[in-house]
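The chain contents come next:
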Amino acid sequence: MIYLKTSEEIALMREACNLVSRTLGEVAKWVTPGVTTLKLDTIAREFIQDNGGKPACLGYGGFPGTLCIEVNEVVVHGFPSNYALREGDIVGLDCVVELNGYNGDQCYTFPVGEVSPEVMALLKTTKESLYKGIAACKEGNRIGDIANAVQTYCERRGYSIVREMCGHGIGRSMHEDPEVPNYGRKGMGALIKNGMCIAIEPMVNMGKRNIVIGKDGWTCRTRDGQPSAHYEHTVAIMGGETEILTTFDYVDQVLGNNAI
Ligand code: MF3
Ligand code: CO
């Protein structure tokens, strides 16, 4: 069942989303060779708690972190650990914050130091595909339009789309209906309506699309061991307009990126 939100609820979503975005901006300052992913997780948890939020992933189905840590071939749902990031790695940091009963969900994949041009190109295409998906996320369109926009953009550039993991509706719960796949056909799936809040999150592989889940029951890796990238925004559809509730501005300020 899809919960349509009132403008008052979307205002609360906006606050939760702003906090998750500021959290990734804070963590971005620490993403450098030598830092452990556990340290990044602690920075995120303390920042969220200091700002009155709740780290929503922590304890969710037994998940042990505030951040999902996605190093190189890890697609999603990796645990924080004593692994120290190395020059040339990429690390996706996926974070959900609950504030005033509503959730904001966002992911950014960071280069660690100098990263090969091939891997930088994967990051660029994946981030761009998120915005292609958002552009297709319009009132009156269907979820399949988002899915198709992401898939087409990435596959044309030679990358593959993870199919087992999806974006999702979001609100009082981190995961609500509808599922938002990153592959599919235009015109299929649920109608996009005013009041919908969804998390769009392309997971894009350099090699083949296949994944394996680790013995911990969570860590999802590419089967071929090639890198995978992941970017995510939470958006709301209101008054016929789509608003991106999260922002990469805080991360961009730290990294010195020019926002797309
Ligand atoms: N953004 C991730 C998702 O939508 C967050 C997962 S949190 C976890 O699946 F606790 F389930 F890991
Ligand atoms: Co999500």
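Just above sits the structure.
Residues numbered from 1 in each chain as written. Chains lettered and ligands numbered in written order. Predicted model: local features only at pLDDT ≥ 70, side-chain atom pairs only at ≥ 80, totals over all residues. Heavy atoms only, no water.

Chemist: Looking at this model, I keep getting lost on the coordination of the cobalt ion (ligand 2). Mind explaining?
Modeler: For a metal with four tetrahedral donors the ideal donor-metal-donor angle is 109.5 degrees, while six octahedral donors give ideal angles of 90 or 180 degrees. Every protein donor of the cobalt ion (ligand 2) is listed here as Asp105 (OD), His168 (NE2), Glu201 (OE) and Glu232 (OE), and their distances to the metal cover 2.1 to 2.2 Å. Each of the six donor atoms around the cobalt ion (ligand 2) contributes to a set of angles spanning 62 to 166°, which defines the coordination as irregular. Donor residues binding the cobalt ion (ligand 2) come from one chain and are separated in sequence as D-x62-H-x32-E-x30-E. Pair noted here: Asp105 is in strand β5 (residues 102-111) and Glu232 is in the loop between β13 (228-230) and β14 (233-238), with a separation of 127 residues, a long-range link. Each of the two residues, Asp105 as well as Glu232, counts as buried. (Donors = N, O, S within 2.8 Å, 3.2 Å for Na, K, Ca; no water. Tetrahedral: all angles 85-135°; square planar, octahedral: opposite > 155°, others 65-115°. Helix = DSSP H or I, 4+ residues; strand = E, 2+ residues; numbered from the N terminus. Buried < 20%, exposed > 50% of the residue type's maximum accessible area, 1.4 Å probe, protein only.)

Chemist: What should I look at first to understand the sheet that holds strand β12 (residues 220-222) in this one?
Modeler: One key point about sheets: their strands pair by backbone hydrogen bonds, in either a parallel or an antiparallel sense. The strand order across the open sheet built from three strands is β3-β12-β11, with neighbouring strands paired in antiparallel fashion. Here the strands that pair on one side only, and so sit at the sheet edges, are β3 (74-76) and β11 (211-213). For this sheet, the mean angle separating the axes of adjacent strands, direction not counted, is 40°. Of the strand pairs in this sheet, β3 and β12 are connected by two bridges, and their pairing is antiparallel. (Pairing = 2+ DSSP bridges. Axes fitted to C-alpha atoms, helices over the stretch in contact; angles between N-to-C directions.)

Chemist: I would appreciate a short explanation of the side chain of Thr234 in the present structure.
Modeler: Among the secondary structure elements, Thr234 is positioned in strand β14. Only 2.7 Å separates the side chain of Thr234 from the backbone oxygen of Asp105, close enough to count as a polar contact. (Polar contact = N/O pair within 3.5 Å; in protein donor to acceptor, adjacent residues only side chain to side chain.)

Chemist: Could you clarify how one ought to interpret unusual backbone geometry in this entry?
Modeler: Where the residue is not glycine, phi is negative for most of them; where a peptide bond is considered, it is trans in most cases. Residue Pro178 is reached from Asp177 by a cis peptide bond, and omega for that bond is 0°. For Pro178, the position within the fold is in strand β8 (residues 176-180). One non-glycine residue, Asn100, adopts positive backbone phi at about 50°. Mapped onto the secondary structure, Asn100 falls in the loop between β4 (90-99) and β5.

Chemist: What should I look at first to understand the sheet that holds strand β10 (residues 203-205) in this one?
Modeler: Spatially, β6-β10-β13 is the arrangement adopted by the three strands of the open sheet, whose pairing is antiparallel. At either end of the open sheet lies a strand with only one pairing partner, and these are β6 (160-161) and β13. Pairing analysis gives two bridges linking β6 to β10, with the strands arranged antiparallel. Looking at β10, one finds that Ile161 is bridged to Val204. Of the strands in this sheet, β10 and β13 touch helix α3 (residues 117-135), which is tilted by about 35° from β13. (Contact = heavy atoms within 4.5 Å.)

Chemist: Explain the site of ligand 1 to me, please; I cannot follow it from the model alone.
Modeler: Around ligand 1 there are 14 residues in total, and Cys57, Asp94, Asp105, His168 and His175 lie nearest to it. The separation between an oxygen atom of ligand 1 and a polar side-chain atom of His168 is 2.9 Å. Within the side chain of His175, an N or O atom sits 2.9 Å from an oxygen atom of ligand 1. Here ligand 1, which alone exposes 330 Å², has 95% of that area covered by the protein. (Near = heavy atom within 4 Å. Areas by Shrake-Rupley, 256 points an atom, 1.4 Å probe, with all protein chains shown as cover.)

Chemist: Please clarify how the environment of Gly25 should be interpreted in this entry.
Modeler: Position of Gly25 relative to the elements: it lies in helix α1 (residues 7-28). Along the primary structure Gly25 and Thr247 are separated by 222 residues, whereas in three dimensions their C-alpha atoms are 9.7 Å apart. In this view, Gly25 contacts Tyr250, Val251 and Val254; residues no more than four positions away in its chain are not counted.

Chemist: Any chance you could explain the packing of α3 against helix α4 (residues 143-156) here in plain terms?
Modeler: At a minimum axis separation of 8 Å, α3 and α4 run at an interaxial angle of 150°. Here α3 is positioned roughly antiparallel relative to α4, judged by the angle of their axes. Regarding α3 and α4, the two cross each other, and that crossing is right-handed. Between α3 and α4, the residues in contact are Thr125, Glu128, Ser129, Lys132 and Gly133 and Ile146, Ala149, Val150, Tyr153 and Cys154, respectively. The residue inventory of the contact of α3 with α4, partitioned by class, reads five nonpolar, three polar and two charged. (Parallel < 35°, antiparallel > 145°, perpendicular 65-115°, else oblique. Left-handed = near helix turned anticlockwise from the far one by under 90°. Nonpolar A, V, L, I, M, F, W, Y, C, P; charged D, E, K, R; others polar.)

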